[in-house]
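Single-letter residue listing:
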Amino acid sequence: MIQRCEVFILEIIIFLKVDMIVNSVDKTLNLNKGSLSNGIATAAGQQIKDECQQNHPSGVTEGNIVVTSSGSLPCKKICHACVPGYKPNKDNESKKVNN
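Residues numbered from 1 in each chain as written. Predicted model: local features only at pLDDT ≥ 70, side-chain atom pairs only at ≥ 80, totals over all residues. Heavy atoms only, no water.

All right, on to the side chain of K49 then. Residue position: K49 is located in helix 3 (residues 46-55). Despite being buried, K49 has no salt bridge partner; D50 is the closest side chain of opposite charge, sitting 8.4 Å away. A polar atom in the side chain of K49 sits 2.8 Å from the side chain of N32. Residues within four places of K49 in sequence aside, it is in contact with L31, N32 and A41. (Helix = DSSP H or I, 4+ residues; strand = E, 2+ residues; numbered from the N terminus. Buried < 20%, exposed > 50% of the residue type's maximum accessible area, 1.4 Å probe, protein only. Lys, Arg positive; Asp, Glu negative; His and termini not counted. Salt bridge = Lys/Arg side-chain N within 4 Å of Asp/Glu carboxyl O. Polar contact = N/O pair within 3.5 Å; in protein donor to acceptor, adjacent residues only side chain to side chain. Contact = heavy atoms within 4.5 Å.)

The next point concerns the nonpolar core. I21, L73 and I78 are the most contacted members of the largest nonpolar core, which totals 17 residues. When contributions to this core are tallied by element, the ones reaching two or more residues are strand 1 (20-25), helix 2 (35-44), helix 3 and strand 3 (77-82). Tallying contributions element by element places helix 2 first for this core, with three residues. With sequence-adjacent residues up to four places away left out, L73 is seen in contact with I14, I21, I40, A43, A44 and I78. (Core = buried A, V, L, I, M, F, W, Y, C linked by side-chain atoms within 4.5 Å.)

Next up on the list: the confidence of the model for the chain. When pLDDT is low, close inspection of the predicted coordinates is not appropriate. Overall, the predicted model of the chain reaches an average pLDDT of 82, with 76% of residues at or above 70. Predicted confidence in the chain is weakest over helix 4 (residues 90-98), with a mean pLDDT of 49, and strongest over strand 2 (residues 65-69), with 96. Predicted confidence is poor over residues 1-6, with pLDDT under 50, and the contacts of this stretch with residues over four places away or in other chains come to one contact. Within the model, pLDDT remains below 50 along residues 94-99, and this stretch shows one contact once partners closer than five positions in the same chain are excluded. (pLDDT = per-residue confidence, 0-100.)

Here it is, written out as structure tokens:
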């Protein structure tokens, strides 16, 4: 069921005529990792992968973004955001409940 949801979301995103779509990436800026990131990169074409490799060969640091063209997509730009992964633990759960 989750895979169907991901495919549905991807099909919507790649047809949006918006200023920017946001893509979550890891520090290596490898657009082949992650189903959503890979789907966006595949739909946009090799151009955005090339932009990432040429302009950011060392990747991106956590908490920062890289903006590329949209390649073949109808949006104007793609924002590739490197966000920290969420790792739930007891402290995080209690903070959510108490706050």
